[in-house]
Amino acid sequence: MLRFVIVFSALSTFFSLHCEASDTAEYHYYRESKVLQLKSNEIAIWGEAVDSGRELPIEGWRICDMSITTNAEAEREIANALERGASFASPVFQGQLGGYVIVTPTILVRFIGTVEAAQDVIERFPELSISSTNFGGSALGFKLHCSEPSGYSVLDLANRLALTPGVLYAEPNFIISGQGASLPTDFGFPSLWGLHNTGAAGGLEDFDMDAPEAWDLTLGDPGVRVALLDTGVQLDHPDFAGLPGVDFTSDGPGDGSPVNLCDNHGTPMAGCISATINNEVGIVGIAPLCTTVSLRTFISLSSCDTSWDSESSWTVDALTWAHDQGIEISNNSNTYGPIASAAIDEAYLETHLGGMTHFAAAGNQGMEVVSYPASLPSVHAVTATRRYGTFWGGSNTGPEISLSAPGEQIYSLDRTGGAGFAPGGYVDLFGTSLSSAYCAGVAALVLSADPTLSPANLGAILESSATDLGAIGWDESFGFGMVNAHAALTHPRFIRGDADANGAVDALTDAVCILSYLFIPGAPSPQCRAGADVDADGVIGLGDPVYLLSFQFVNGLKPTEPYPNCGSVPPHALGCDSSGALCP
């Protein structure tokens, strides 16, 4: 009976591997199944008789171009290669950043128990022999050679071995391609401590946003756009590739370029977000392949001290236009003085509900009052940090602070020619303006990796993955901490309703979490807003715990379950929007 179970299990693995998913396979990470995506049009071959294909630096290995898109086609070409004299042939699977993963005839295994028991297990697999012992410095670690000449057979054997009692792990000795953390060729990159802090100039080594590590995952998507509300951006700067935008001031119409000699503030902000990478000049933005769209909303004054004039309607028009264009993120590195505008409030709220995530500078007066519009609940207010791992004292602080980011001595783009803050096209600047732009850029990177994120979830990811600074948890100076691009990209995604991010939806604990977030600023942990937008209306409010409790105790449903009659649910109810387009 045991023999039948083992044979049946092996056959199940084989058919799962080759039949159910025509272009995927699997291997076991410990006992957890991991998917391998077939790399089209390539197989890998090994052997002295092989002289075709692209030679790899690992002796005897080559990659050959073949017309394949499925496992069945790859197996056919593997058989042909073996007939032509190859000693071993393997499918090629997708690696990171266009690289590859190749199965070799060696299996790495680590047993639990005794060496004798380990050898007993190995003897059950006649295709395997011991090629070396004490692998990884352990008497229970082995390298096993597989006599089968196909990478698919090695995968099958490794998977069977991985699920055998007494085995801690078993996996093929993969050939993998990769690269070091991406360090750009831009000559000014060593000065960008906020992206990669090496400890220069007395800085705290590795106190940064982990940009190179993030760029190993994504450089951004040009389709993800950041609307920059400012004094215009020099669109023909040699280190910038943003799209033409719109001039909403009385100087318009225009394409979002600076108009007067003092329209200098916007260009450095654009540099922080998406300055060009690897062009061997200047700097690089945190989201270099994302797109910054310049919306000129302010007219700089002749004092050239970054002061400006504007009208409330220009901000409203800029936000409305950005939303209508499908732009997902906005940044406003400006403070509007001692004024609040109901029209601007409404524009920020409505565009946020419509899918935009907003960032704004907390202000540079060193006051315990967050400047407007950063103070709005629909906007992420951002303070500044120093290269030494400390708070930049010029930042405004307060209960509205969401995040912090590098903001002292930030090297960025400057207007070229006779304009700009300094000659040469680049400048060092200080302030929460730069911090806010960096946060918007990190948001663009995360949205590039997962374009399905709502503003509530995108914001929660940035806050939950931030590097905690100052007092433990949230505080009025750093918010939830300094934004970290790599941590945000690798942060777990949230389940709607799972406000405390513990992996389960529990009406009582999650409702308490939401209520504490709403009414006790600073008390809840960063995770206490993770999946808190239960009713999917784009904001976290009293309606969310009400939904949790009513669905749990009145309708008997959890927030992650489909509602039985989607059309009868109010707008933005669980699983629906006002049109019903999101119905399960």
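One structure accompanies this document, and this report is about it. Just so it is clear, the structure is predicted and the values come from calculations on it, not from any experiment.

**Observations regarding the packing of helix 9 (residues 432–449) against helix 10 (residues 455–464)**
- Contact geometry of helix 9 with helix 10 gives a least axis separation of 11 Å together with a crossing angle of 115°. Comparing the axis directions of helix 9 and helix 10 gives the class roughly perpendicular. Along this stretch, helix 9 crosses helix 10, giving a crossing that reads as right-handed. Across from C439, V442, A443, V446 and L447 in helix 9, the residues of helix 10 making contact are L458, I461 and L462.
- Considered class by class, the residues forming the contact of helix 9 with helix 10 number 8 nonpolar, no polar and no charged.

**Details of the packing of aromatic side chains**
- Counted under the stated rule, the structure contains 13 aromatic pairs.
- Note on W61 and F88: the rings are 6.1 Å apart at their centroids and 75° apart in plane angle, and the pair reads as edge-to-face. Of this pair, W61 sits in strand 4 (residues 61–65) while F88 sits in strand 5 (residues 88–94), and the two are 27 residues apart along the sequence. The exposure classification of W61 matches that of F88, with both residues buried.
- Ring plane angle 75° and centroid distance 6.0 Å describe the contact between Y336 and Y372, whose orientation is recorded as edge-to-face. Residue Y336 is found in the loop between strand 17 (329–332) and helix 8 (342–353), and its partner Y372 is found in the loop between strand 18 (357–361) and strand 19 (379–385); the two are separated by 36 residues along the sequence.

**Some remarks on the pairing of strand 13 (residues 243–247)**
- As paired strands, strand 13 and strand 14 (residues 291–296) are joined by 3 bridges and run parallel to one another. Directly across from V246, in strand 14, lies its bridge partner L295.
- Between the parallel pair strand 13 and strand 14, the chain is carried across by helix 6 (residues 266–274), and the sense of this crossover is left-handed.

**A word on the sheet that holds strand 8 (residues 128–133)**
- Across the sheet, 4 strands lie side by side as 8-9-7-10; this open sheet has antiparallel pairing. Across the chains shown, the open sheet's two edge strands, defined by having one partner strand only, are strand 8 and strand 10 (167–172). With direction set aside, neighbouring strand axes in the sheet form an average angle of 30°.
- Running over the sheet, helix 4 (residues 151–162) touches strand 7 (106–111), strand 8, strand 9 (141–146) and strand 10 and is turned about 170° from strand 10.

**Here we look at helix 4**
- Taking 1.5 Å per residue as the helical rise, helix 4 with its 12 residues ought to reach 16 Å, and the 16 Å between its terminal C-alpha atoms agrees with that figure.
- For helix 4, the set of buried residues is G151, Y152, V154, L155, D156, L157, A158, N159, L161 and A162.
- Capping the start of helix 4, S150 holds a side-chain oxygen 3.2 Å from the backbone nitrogen of Y152, two or three residues further along.

**Observations concerning the pattern of salt bridges**
- Scanning the entire structure with this criterion turns up 8 salt bridges.
- Residues E42 and K39 are paired through a salt bridge, measuring 3.5 Å at the closest nitrogen-oxygen approach. Neither E42 nor K39 differs from the other in exposure class; each is buried.
- In this structure, R54 engages E42 in a salt bridge whose closest nitrogen and oxygen atoms are separated by 3.9 Å. Taken together, the positions of R54 in strand 3 (residues 54–55) and E42 in strand 2 (residues 32–46) put the pair 12 residues apart, joining distant regions of the chain.
- Taken together, the shared-partner salt bridges connect D247, D251, D263 and R296 into one network.

**Considering the nonpolar core**
- Within the largest apolar cluster, 60 residues are counted, with the highest numbers of intra-cluster contacts made by L195, I286, I329, V442, V446 and L462.
- The dominant element in this core, judged by the number of residues it contributes, is helix 9, at 11 residues.
- Discounting residues that sit within four places of it in the chain, I286 has contacts with L195, M209, A211, W215, C272, I273, Y438, G441, V442, L445 and A485.
- If you look at the next biggest cluster of nonpolar residues, it comprises 48 residues, including F111, V121, V154 and L155.

Definitions and cut-offs
Residue indices begin from 1 for each chain and proceed along its sequence in written order. With the structure being a predicted model, the display of local features is reserved for residues of pLDDT at least 70 and the display and counting of side-chain atom pairs for 80 or more, all residues being used for whole-chain, interface and lining totals. Side-chain numbers come from the whole structure's heavy atoms, not from hydrogens or water. Lines fitted to the C-alpha atoms define the axes, with helices restricted to the stretch that makes contact. Angles between their N-to-C directions range from 0 to 180 degrees. Counting from the N terminus, the helices are the DSSP runs of H or I reaching at least four residues and the strands are the DSSP runs of E reaching at least two. Small angles under 35 degrees read as roughly parallel and large ones over 145 as roughly antiparallel, with 65 to 115 read as roughly perpendicular and the rest as oblique. Rotating anticlockwise by less than a right angle from the far helix to the near helix defines a left-handed crossing, while the corresponding clockwise rotation defines a right-handed one. Residues are treated as being in contact if the distance between any of their heavy atoms lies within 4.5 Å. All residues other than Ala, Val, Leu, Ile, Met, Phe, Trp, Tyr, Cys, Pro, Asp, Glu, Lys and Arg, Gly among them, are scored as polar; the first ten of these are nonpolar and the last four charged. Between rings of Phe, Tyr and Trp, where Trp is taken as its six-membered ring, a pair exists when centres lie within 6.5 Å; planes separated by under 30 degrees are stacked, by over 60 edge-to-face, and by other angles tilted. For each residue, the accessible area found with a 1.4 Å probe, counting protein chains only, is set against the maximum for its type, and the residue is called buried under 20%, exposed over 50%, and partly exposed in between. Whether two strands pair comes down to DSSP finding at least two bridges between them. Whether a crossover is right-handed comes down to one check: with the strands pointing away from the viewer, does the path from the first strand over the helix to the second run clockwise; if it does, it is right-handed. For a helix, the expected span equals 1.5 Å multiplied by the residue count minus one. Contacts described as polar in this section are N or O atom pairs within 3.5 Å, which, within protein, must combine one atom able to donate a hydrogen with one able to accept it, while residues neighboring in sequence count only if both atoms come from side chains. Any carboxyl oxygen of Asp or Glu within 4 Å of a side-chain nitrogen of Lys or Arg constitutes a salt bridge here. In these notes, a set of buried Ala, Val, Leu, Ile, Met, Phe, Trp, Tyr and Cys residues joined through side-chain atoms within 4.5 Å is what counts as a nonpolar core.

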